[in-house]
Amino acid sequence: MQEIKQILSDSKSIVITTHKSPDGDAIGSSLALYHFLKKKNKDVVVIVPDAFPEFLNWMVETESIIHYDTQVEEAEKLIEKADLIFSLDYNSLNRIGDLSNPLGKSEATKVVIDHHQDPADFADHYIVDTKSCSTSQLIYEFIENLGELDKLDKAIGECIYCGIMTDTGSFRYPSTTSKTHQIIAHLIDLGVDGSKIHQEVYDTYSEHRLRLLGHALTEKMKVFPEYGAAYISLSQKELKQFSFKKGDSEGLVNYPLSIDGIKFTVLITEKEDNISFSFRSKDDFHVNKIANEHFNGGGHIYAAGGMLEVSLEEAIKKVEEVMKQYN
Ligand code: 5GP
Ligand code: MN
């Protein structure tokens, strides 16, 4: 931390980056660090590879976030000028898409703060705890270790709360510890309204989104009790039918896990030019290895993802084979 303190005090222009298709933890941790550094009078900006779901828009200053896919020139100028770059909630440059080009070229000091396993060698400093429930919790602890918890305020607290809430399935995954609850208690004392945040994120569905959920569970979920596994597949045609918007399938992969005896679930989504896979598991079943070995991806023990350039039919066949192999 002494070294990091020095780097922080020496740096003037700071860029915070996070992974593609940013989720609650990615945006929550990035904006929490952004607000904290602004309070320290730093010149700081958050750059994301692409859009994030609308249900995260309520966080203070989401409108100041730069989107690399639509603001390339602006983002590249900021990265070129930066003397310090934070990489939050990702462990490898392939998780940030084309944003890896300017980031890879930059000579700024690079600091990773993350909770994924096996970080790749692309930064100067790593603050990594794979046991941590979220990068947002690591941001709280980062500020704590700097001895600057007095700088926390409601805006920072809301961002950290959101990241912890979304990455712990509302404080229920095994990664939720007593420390997590102590942090949440502190945030509530700062004026953070957890109930309001829960409503912003989980009670702002469109009618289409809820009907897509109904369709997925009734028509598209295939359960294999003999393998303790289940999957849901969604084609481009179906997504269009339900006016799919970014974030609309978030959480869908978790539903089959609530069936008694099911400990491995997959959501297979047909994208414009590839197939994306979302994996979840519980108990002794670990999905990060499966994602890495068969689906060109990775992630956490109980939540992972991947991507293949195959047809939807081939993707489904592959998932069924893997389910048979690992039961
Ligand atoms: P989700 O299913 O929510 O999209 O992703 C769950 C977790 O899987 C993420 O936190 C991330 O760690 C990991 N993940 C998702 N997609 C990919 C991918 O394409 N590559 C890798 N390495 N990890 C992924
Ligand atoms: Mn995370």
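Residues numbered from 1 in each chain as written. Chains lettered and ligands numbered in written order. Predicted model: local features only at pLDDT ≥ 70, side-chain atom pairs only at ≥ 80, totals over all residues. Heavy atoms only, no water.

A. Looking closely at the pairing of strand β1 (residues 13-18). Burial analysis of β1 places six of its six residues in the buried class, which makes it a mostly covered element. Side chains of β1 alternate between two faces, with Ser13, Val15 and Thr17 and Ile14, Ile16 and Thr18 buried alike. What joins β1 to strand β2 (residues 43-48) is helix α2 (residues 24-39), and the crossover it makes is right-handed. (Buried < 20%, exposed > 50% of the residue type's maximum accessible area, 1.4 Å probe, protein only. Helix = DSSP H or I, 4+ residues; strand = E, 2+ residues; numbered from the N terminus. Right-handed = clockwise from strand over helix to strand, strands pointing away.)

B. A look at the sheet that holds strand β8 (residues 229-234). Strands sit in the order β7-β8-β9-β10-β12-β11 across an open sheet of six strands; the sheet is mixed. Two strands close off the open sheet at either side, each with one partner strand: β7 (221-224) and β11 (298-299). Pairing geometry for strand β9 (residues 264-270) and strand β10 (residues 275-281), over seven bridges, is antiparallel. By the bridge assignment, Thr269 is partnered in β10 with Ser276. Across the face of the sheet, helix α9 (residues 207-220) comes into contact with β7 and β8 while running at roughly 125 degrees to β8. Along the sheet face, helix α12 (residues 312-325) touches β7, β8, β9 and β10 and points at about 170 degrees away from the line of β9. (Pairing = 2+ DSSP bridges. Contact = heavy atoms within 4.5 Å. Axes fitted to C-alpha atoms, helices over the stretch in contact; angles between N-to-C directions.)

C. Examining the site of ligand 1 more closely. Surveying the vicinity of ligand 1 reveals the residues Arg95, His116, Ser278, Arg280, Gly297, Gly298, Gly299, His300, Ala303, Ala304, Gly305 and Gly306. Ser278 is positioned such that a nitrogen or oxygen atom in its side chain is 2.3 Å from an oxygen atom of ligand 1. Arg280 is positioned with one of its side-chain polar atoms (N or O) 2.9 Å from an oxygen atom of ligand 1. When ligand 1 is considered free in solution it has 500 Å² of accessible area, and contact with the protein chains removes 73% of it. Looking at the shell around ligand 1, the elements with two or more residues in it are β10, β11 and β12 (303-308). (Near = heavy atom within 4 Å. Polar contact = N/O pair within 3.5 Å; in protein donor to acceptor, adjacent residues only side chain to side chain. Areas by Shrake-Rupley, 256 points an atom, 1.4 Å probe, with all protein chains shown as cover.)

D. Local environment of the environment of Val192. Considering the arrangement of structural elements, one finds Val192 in the loop between α7 (178-189) and α8 (194-202). The spatial distance from the C-alpha of Val192 to the C-alpha of Ala155 is 8.1 Å, given a sequence separation of 37 residues. For Val192, the residues in contact, after removing those within four places along its chain, are Lys154, Gly157, Glu158, Tyr161, Leu187 and Ile197.

E. View of the pattern of salt bridges. Going through the model one piece at a time under the given rule, you end up with 14 salt bridges. A salt bridge links Glu144 to Lys179; its shortest N-O distance comes to 3.0 Å. Of the two residues, Glu144 sits in helix α5 (residues 135-145) while Lys179 sits in helix α7, which places them 35 residues apart along the sequence. Its salt-bridge partner being Lys151, residue Glu148 comes within 2.7 Å of it at the nearest N-O pair. (Salt bridge = Lys/Arg side-chain N within 4 Å of Asp/Glu carboxyl O.)

F. Representation of the domain arrangement of the protein in the model. With domains assigned, the protein is organised as domain 1 (2-202) and domain 2 (207-325). Computed over C-alpha atoms only, the centres of domain 1 and domain 2 are separated by 27 Å. With 12 residues of domain 1 at the contact, the number on the domain 2 side is 11 residues. Carbon and sulfur atoms make up 50% of the surface buried where domain 1 meets domain 2, a total of about 890 Å² over both sides. Counting the contacts that link domain 1 with domain 2 gives two salt bridges. (Domains from an automatic or database assignment. Buried area = accessible area lost by both parts, 1.4 Å probe.)

G. Representation of unusual backbone geometry within the structure. Not every positive phi belongs to a glycine, and Asp89 is a case in point at roughly 65 degrees. When you line up the elements, Asp89 lands in the loop between β4 (84-88) and α4 (100-105). The exposure class assigned to Asp89 is buried, which follows from its relative accessible area of 2%. In this structure, Phe171 takes a positive phi of about 65 degrees despite not being glycine. Within the secondary structure, Phe171 sits in the loop between α6 (154-167) and α7. Judged by its relative accessible area of 22%, Phe171 is partly exposed.

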